[in-house]
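# What the coordinates show
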Amino acid sequence: MFKYSKIALGLATCFALTGCLEVEDDGNKEISNQLNEQNQLLQSQVDLLQEQQDNAKAPAAIRGTVVSVSEGVSAADAQVSIFWDNAWSDAVAVTEDGSFNFTGLPAGRNIIVKVSSESDVFMTRYFKVRTGGSVANGVHTTDLFELEVSEGYTKEISILDSETNQPIKNLTIWADDVFGLQNRNWNRNTYDRKAEINYSSKATFNEEKGVYEIQVAKDLPANIYYKSDLNGDGNDNYVPESTNYLANNGEIMLADASAIESMDVMYLVAANHHEFTVALTVLDEEGNTLEVKRVYAEGNDFGEKYASFNEETKQYDLEAHFVGSLEIVIPGFEKDELVYGSENIHISYDLALSAFEVYSNYRNSSVELSNNTLNLVVKLQTEELSETTVRTITTVEAKDTVDNDVQLYLNVPVEVNTDNVKAVAVNHVVESKDGWTTLQTVETDVEHDVKLDLDNTRITVAPKKEVVANHRYRVSIGEVTNTISGKNEQLNFYGEYSLPAANAVFDINELTADNFNYHTNGTLIVKKNSAGEDSWAWDYDGHVTFILPKNLHLVEKFSYSVVKYTKNNTETTADANNMREVINGDYHDYSTAYLAKIAQNENHHGEVRGGSAQENGYRARIWNNYDLRMNDNKTGSKNTVTINYSYQLKGSEDVITGTLELPIQ
């Protein structure tokens, strides 16, 4: 970034308002020349300031090409407009090859791109886009590549009540046809929802025919969804006949894209909103009524969470109001030197029997309402405390290198000998000798504290300082003393954790392209193996692999596509639509290996991978989806691959996009 003194900025501003400093030809050529030079300097400063101001206002641009995927339908009359700053731009016609571009857009902004046909030969389509971020020259152009459009047709769907066989009116039905370009798995944030609500293709009800009519793309199929909250109370009034349906915040899939063309009639079932009182009697093994610690409900959508104990009836009362099924839970507890195991009671409605199906104590029962009350009985199983063995109920795992306490919740109180608790940092290093390289595991004891609390039913193992581990962190607990029985028992707890580095950041610029040919820049990475023998590797065109950035644990979503590649100075444009999804929540499409700088003629064991130009250590890698085999990038022979990327960090709604040109290492 350029910086100017206050005097220079003042002169520049003055110059912009009044013009150059006046130069008179008074015969003093030296002064005249100095003033002319000063004018040129001021002019360049003003031009630069103006350029920076213009870039700050509008540092982004988009471009793309409209193509038709329907046979015999041309996209030649396509026109494109964009929605940003709460207004639509004027529509622009595409060029002869279908391309378009918009400049002067704000960086990092969510926008909508609308593609329509003047003659209506194809359906209007909307695309969700995010402009790129700031770059060194102030302008970032996002290439949207091909925006596909299709011929449309009107689909008629008869939606009937399965009981009455009559049409169901006032459903909200729409096609999931607003497409996210840079990331196919957008978060359901405000912008995303606004785009879907405003611009998706929606159905209307034809009173005369008794059917819903919706415009759908012939050659770009999309799923169809519906909402059935007919009275605005937040509850679904109709659900599919099958209990196996997809629902999300009241949005239910009506038809998968592949089934739309053949689907003419759809039957829905009126949703039963069950609303009644549960009266639960809890018995011990002798048949006596029993007071328990607490009774609570799972899945009681609109009802109470906790049941109350009725002193008069000795039952637990719960106001139930749910759709689907209800789970009543009695957590395990200790009373009168007995341990009572937990019990779950599952309640669902059986349409065929017009009764509730109740599963508890390993048996099913059909129960009907009486005065709008569902009377239930459950008998709890017990065991003597002295016979209860130690077991882990739940574990809180280590989180990172700083906050890495491991917590174990146990079913009985214990005493722990600290000698039976181990904490170890596991590091891997390569050892090379006599032409062989092996991956050695080095375990380092971690100083830690052991704490008992919650009546000695929780064990916390806390390292005294930050753990340094390039592979795993391990905590194990062996023998403990059961203070109820007085016996020593083996807890046999063993937990291993990957610990990310403290203050970790995700840097997309760490992404590299490596052909694993034991060379970089045309030069051998390792000239001799560990036996002193010359490496016989040659500079060949290896299969290009992408080495992913570190700290992938911070990433919620990540995808990329190959734009173009230059092989031995010859540039080739990649085929469209080669986007590859690498990370999406818990899903990931990459492998991890220990990359080691070793010679081609070095023998090695285990998961060591040679040939890469990367430093020794674990790295995530992925074969490129464009199957490129290329030489090193070197002077006189350019070998690079250009990709578009899109990623979203955990806890953020921002989708970051950009372009990288990666030299082949």
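Note that the structure is a prediction, hence the values are computed from the model and not measured. (Residues numbered from 1 in each chain as written. Predicted model: local features only at pLDDT ≥ 70, side-chain atom pairs only at ≥ 80, totals over all residues. Heavy atoms only, no water.)

## Looking at the overall build of the chain
Counting its secondary structure elements, the chain contains 3 helices and 55 strands. In the chain, which comprises 665 residues, the proportion classed as buried is 43%. Residue pairs at least 24 apart in sequence account for 66% of intrachain contacts in the chain once pairs closer than 6 positions are excluded. Counting every atom, the chain has about 35,300 Å² of accessible surface; 45% of that belongs to carbon and sulfur. (Helix = DSSP H or I, 4+ residues; strand = E, 2+ residues; numbered from the N terminus. Buried < 20%, exposed > 50% of the residue type's maximum accessible area, 1.4 Å probe, protein only. Contact = heavy atoms within 4.5 Å. Areas by Shrake-Rupley, 256 points an atom, 1.4 Å probe, with all protein chains shown as cover.)

## A short note on the layout of surface pockets
Here the largest pocket defines a volume of roughly 1,100 Å³. Considering the residues around the largest pocket, the lining is formed by 34 residues, among which K550, N551, L552, H553 and Y618 are closest to the centre. The set of elements that each furnish at least two residues to the lining of the largest pocket consists of β48 (587–588) and β52 (617–623). If one sorts the elements of the lining of the largest pocket by residue count, β52 sits on top with 4 residues. Looking at the lining of the largest pocket residue by residue, the class counts come to 15 nonpolar, 12 polar and 7 charged. (1 Å grid on protein atoms, 1.4 Å probe; cavity = no way out; pocket = protein on both sides within 12 Å on 5 of 7 lines; lining within 4 Å. Points joined across faces, edges and corners; volume = space filled by probe spheres on them. Nonpolar A, V, L, I, M, F, W, Y, C, P; charged D, E, K, R; others polar.)

## A closer look at the sheet that holds strand β22 (residues 315–323)
What the 4 strands build is an open sheet, ordered β21-β22-β19-β29; its pairing is mixed. Edge positions in the sheet fall to β21 (308–310) and β29 (373–379), since each has one partner strand and no second. Strand-to-strand twist of the sheet, defined as the mean angle between neighbouring strand axes without regard to direction, takes the value 35 degrees. (Pairing = 2+ DSSP bridges. Axes fitted to C-alpha atoms, helices over the stretch in contact; angles between N-to-C directions.)

## Points about the packing of aromatic side chains
Between two aromatic rings, the relevant description is the distance of the centres plus the angle of the planes. In this structure the tally under the stated criterion is 22 aromatic pairs. Centre to centre, the rings of W174 and Y225 are 6.2 Å apart; their planes meet at 20 degrees, and the pair counts as stacked. With W174 in strand β10 (residues 172–175) and Y225 in strand β14 (residues 224–227), this residue pair connects regions lying 51 residues apart in the sequence. When its relative accessible area of 12% is taken as the criterion, W174 is described as buried. Overall, the relative accessible area of 19% leaves Y225 in the buried class. Members of the aromatic cluster, joined through ring pairs, are F83, W88, Y126 and Y199. One cation-aromatic arrangement involves K114 over W88; the distance from NZ or CZ to the ring centre is 5.8 Å. (Phe/Tyr/Trp six-rings, centres within 6.5 Å; stacked < 30°, edge-to-face > 60°. Lys NZ or Arg CZ within 6 Å of the ring centre and 35° of its normal.)

## Let's talk about the confidence of the model for the chain
Predicted confidence across the chain gives a mean pLDDT of 84, with 84% of residues reaching 70 or more. For residues 1–27, every residue scores under 50 in pLDDT, and the model assigns this stretch 28 contacts once sequence neighbours within four places are set aside. A low-confidence stretch, residues 50–57 (pLDDT under 50), is modelled with 5 contacts involving residues beyond four sequence positions or located in other chains. (pLDDT = per-residue confidence, 0-100.)

## Observations concerning the sheet that holds strand β1 (residues 60–68)
One open sheet accounts for 3 strands, arranged β5-β1-β8; its pairing is mixed. Both edges of this open sheet fall to β5 (99–105) and β8 (140–149), since each of them pairs with a single strand only. The average angle at which neighbouring strand axes cross in this sheet is 20 degrees, direction not considered. As judged from the 5 bridges shared by β1 and β5, these two strands associate in the antiparallel manner. Each residue of the ladder has a partner; that of A60, found in β5, is L105.

## Regarding the environment of T281
In this fold, T281 is placed in strand β19 (residues 273–283). Note: C-alpha distance between T281 and Y316 (35 residues apart in sequence) is 6.5 Å. Leaving out residues up to four positions away in the same chain, T281 has contacts with T289, Q315, L376, V377 and V378. Among the polar contacts made by the side chain of T281, one reaches the side chain of Q315 at a distance of 3.0 Å. (Polar contact = N/O pair within 3.5 Å; in protein donor to acceptor, adjacent residues only side chain to side chain.)

## Observations regarding unusual backbone geometry
Backbone geometry at N361 places phi at a positive 50 degrees, although glycine is not the residue there. Inspection of the secondary structure puts N361 in the loop between β27 (355–360) and β28 (363–367).

## Describing the pairing of strand β34 (residues 421–433)
Note that β34 and strand β38 (residues 472–482) share 6 bridges and pair antiparallel. When the bridges of β38 are listed, A423 appears paired with V475. The pairing of β34 with strand β35 (residues 436–445) spans 10 bridges and is antiparallel. The partner of V426 across the bridge, within β35, is E443. Between the antiparallel neighbours β34 and β35 lie 2 residues, among them D434 with a positive phi of about 55 degrees.

## Some details on the environment of K650
Secondary-structure assignment places K650 in the loop between β54 (640–649) and β55 (656–663). Judged by its relative accessible area of 47%, K650 falls in the partly exposed class. C-alpha separation for the pair K650 and V555, spaced 95 residues apart in sequence, amounts to 5.5 Å. The residues contacting K650, other than those within four sequence positions of it, are H553, L554, V555 and E556.

## What to know about the environment of E615
Of note, E615 is situated in the loop between β51 (608–609) and β52. Assessed through its relative accessible area of 58%, E615 is described here as exposed. Residues E615 and K597, 18 residues apart in the sequence, show an inter-C-alpha distance of 6.9 Å. At 3.0 Å, the side chain of E615 forms a polar contact with the side chain of K597.

## Section: the side chain of D161
Turning to its location among the elements, D161 is positioned in strand β9 (residues 152–161). It turns out D161 is buried and unbridged, and the closest side chain with the opposite charge, K169, is 13 Å from it. Within the structure, the side chain of D161 is placed 3.3 Å from the backbone nitrogen of T164, a separation counted as a polar contact. If we ignore the near neighbours within four places in the chain, the residues touching D161 are Q166, I168, Y238, Y267 and L268. (Lys, Arg positive; Asp, Glu negative; His and termini not counted. Salt bridge = Lys/Arg side-chain N within 4 Å of Asp/Glu carboxyl O.)

## Description of the side chain of H274
Its location among the elements puts H274 in strand β19. Those residues in contact with H274 that sit more than four places away from it in its chain are A320, H321, F322, G324, Y349 and F356.

## Re the pattern of salt bridges
Oppositely charged side chains can form a pair if their charged atoms are brought close together. Summed over all chains, the structure comprises 19 salt bridges. The partner of D143 in a salt bridge is R63, and the shortest N-O contact between them spans 3.3 Å. Placement of the pair is D143 in strand β8 and R63 in strand β1, with a sequence separation of 80 residues. The exposure class of R63 is partly exposed, given its relative accessible area of 41%. With its nearest N and O atoms 2.9 Å apart, the salt bridge here joins R580 to D589. Put simply, E443, R472, R474 and E496 are held in one network by salt bridges that share partners.

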